[in-house]
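# Summary of the model geometry
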Amino acid sequence: MPGWRTVIILFLISIIQHSFLALLAPKWPLELPLLVTLLYALRWGEGKGAKLGAFFGLLEDLYLGRYVGLHVVGYVAAGLAAGWAGRRFFRENLVIFMGLIFALTFFHQIVSYLLLYVFGFPADLLAVLSQIAWPRALVHALLAPFLYQPVVAIPLEKKARLQYLG
Amino acid sequence: MAWLYRHRRLVLTLLAIFLLLFTIGLTRGQRATATWPERLFGDLLSPVQGSVARATAALEAVWRGLADISRLRAENQSLKKENEALVALQGQLAEIKAENERLRRLVSFATSSGYRTIAARVIGRDVDSWFNQVVVDRGARDGLAPNLVVVTDQGIVGRVLRVTSRTATVLLLTDPESGVGAMVQRSRDTGVVTGVAGSSNLLLKFFSREADVAPGDVIISSGLNSSFPKGMVIGEVVKVGRSDYGLVKFAEVKPAVNFDRLEEVLILFPGGGS
């Protein structure tokens, strides 16, 4: 069970996204909850990534989701994929890190598209890839270097230090 | 002569006094001109005097500056703070003015529309680009219910999708699952306007293959097959085309409402009355 502080932080991230970023710059293709889920999963693995994804997804679905469950499934899938990719590919290399964020964001968009397609949502795959998935993946990847240090590198260093001491 | 020589100091002193008295006598009163020694002396001395005076003034200024530096620093800080406060106030005033202008237009539209309306503020927006929906700060306790029409003074915004007691989710015209009966204002040809995933423009599919439409045509709601009242502005045609097999004629429509800058909206209640 996450602590109250964590829950409040997650709520805040969601509110910042919906009532600040999305109103201030609606065309800016940033999905903060997804990005945080990916970063968290890269660092902590599939299990914790999937749990955070489920929590964020549920928040999204409850707040605005038209297909309740769509975000939960999408974010959990993204969390699982990021956790796996973190174990398989991630070697504290910035370029790999950016590439992973790009690919994982793209993957999440494809999963969302497939789910929506199954449920009959009218969306053209080419338009989705070019106008939704690609810009979002690019923005997430470009933001990754700024989040790399606080979210990934510092906790890893701390973990290494603790292992060394302990 | 010997006496004069012996008392030469006294004599010279007296002579000098006499000369001075004579000079004083000559030069007393308000003279319009200076004597030549005065002129010579003054002319020779003036550049030096000027330089010294300037240096003195500069030194005095520096000294005064040094003496005033703490007072000036305090004054500067105070002015800076005052300036910052004024800039902030100016920003607030500009924001209030813009909001006032928007609300004035909304009220004017609400009065002339003939509908009972309620104004609402946009407080949230969808973050994924799949759906286009916003959350407004009015809900069931304000009388809102699904399918009520949402507009601004520029045109149709969308319709209420679902409500909670204090908020409502509005499905925007740009959402792929929205559909509004529409017509070309000029030719009266009808069709259905829907949103397109990932695009800010709308798609108008005509019922007739021979529909008369051209770029620049204004598209309005037709009042058919939907809860949207007839004659409300939807947007303007920017491109006309046909589907792959030429069976359906369509037009790309730029919405009249700027959905990226949606801050206040009006919700229309059926039944008229204001």
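The rules behind each value
Residues numbered from 1 in each chain as written. Chains lettered and ligands numbered in written order. Predicted model: local features only at pLDDT ≥ 70, side-chain atom pairs only at ≥ 80, totals over all residues. Helix = DSSP H or I, 4+ residues; strand = E, 2+ residues; numbered from the N terminus. Expected span 1.5 Å × (residues − 1). Buried ≥ 20, exposed ≤ 12 C-beta atoms within 10 Å, placed from the backbone. Pairing = 2+ DSSP bridges. Axes fitted to C-alpha atoms, helices over the stretch in contact; angles between N-to-C directions. Core = buried A, V, L, I, M, F, W, Y, C linked by C-beta atoms within 7 Å. Contact = placed C-beta atoms within 7 Å. Parallel < 35°, antiparallel > 145°, perpendicular 65-115°, else oblique. Left-handed = near helix turned anticlockwise from the far one by under 90°. Nonpolar A, V, L, I, M, F, W, Y, C, P; charged D, E, K, R; others polar.

### Section: helix α2 (residues 32-44) of chain A
Residue and element names in this part refer to chain A.
- With 13 residues, α2 should reach 18 Å at 1.5 Å per residue; the first-to-last C-alpha distance of 18 Å fits that figure.
- Burial within α2 is extensive, with 10 of its 13 residues counted as buried.
- A positive phi of about 95° marks Gly45, the residue just after α2.

### Quick word on the sheet that holds strand β6 (residues 180-184) of chain B
Residue and element names in this part refer to chain B.
- Read around the closed barrel, the 6 strands follow the order β6-β7-β8-β11-β10-β9; overall the barrel is antiparallel. Strand after strand, the sheet turns through a mean of 40° between neighbouring axes, direction not considered.
- Where strand β10 (residues 233-242) lies against strand β11 (residues 249-255), 7 bridges are found, and the strand directions are antiparallel. For Val240, the partnering residue across the bridge sits in β11 and is Ala251.

### Focus on the nonpolar core
- Counting residues in hydrophobic clusters, the biggest one holds 45 residues, and the most contacted among them are B:Val157, B:Val170, B:Val193, B:Ile219, B:Ile234 and B:Val265.
- In this view, B:Ile234 contacts B:Gly155, B:Ile156, B:Leu173, B:Val180, B:Ala182, B:Val193, B:Ile219, B:Ile220, B:Ser221, B:Val253, B:Pro255 and B:Ala256; residues no more than four positions away in its chain are not counted.
- If you look at the next biggest cluster of nonpolar residues, it comprises 36 residues, including A:Leu42, A:Val76, B:Trp130 and B:Phe131.

### Concerning the environment of A:Ala137
Residues and elements named next belong to chain A.
- Here Ala137 shows up in helix α6 (residues 125-165).
- For Ala137, a count of 21 C-beta atoms within 10 Å corresponds to the buried category.
- Along the sequence, Ala137 and Thr105 sit 32 residues apart, while their C-alpha atoms lie 5.1 Å from each other.
- Leaving out residues up to four positions away in the same chain, Ala137 has contacts with Phe102, Thr105 and Phe106.

### Here we look at the packing of α2(A) against helix α3 (residues 46-63) of chain A
Residue and element names in this part refer to chain A.
- Here α2 crosses α3 at 165°, and the two axes come no closer than 7 Å. The angle between the axes of α2 and α3 places the two elements in the roughly antiparallel class. Every pair of crossing elements has a handedness; the one defined by α2 and α3 is right-handed. Contact residues: Pro33, Thr37, Tyr40, Ala41 and Trp44 in α2; Glu46, Lys48, Gly49, Leu52, Gly53, Phe56 and Glu60 in α3.
- Taken together, the residues that form the contact of α2 with α3 break down as 6 nonpolar, 3 polar and 3 charged.

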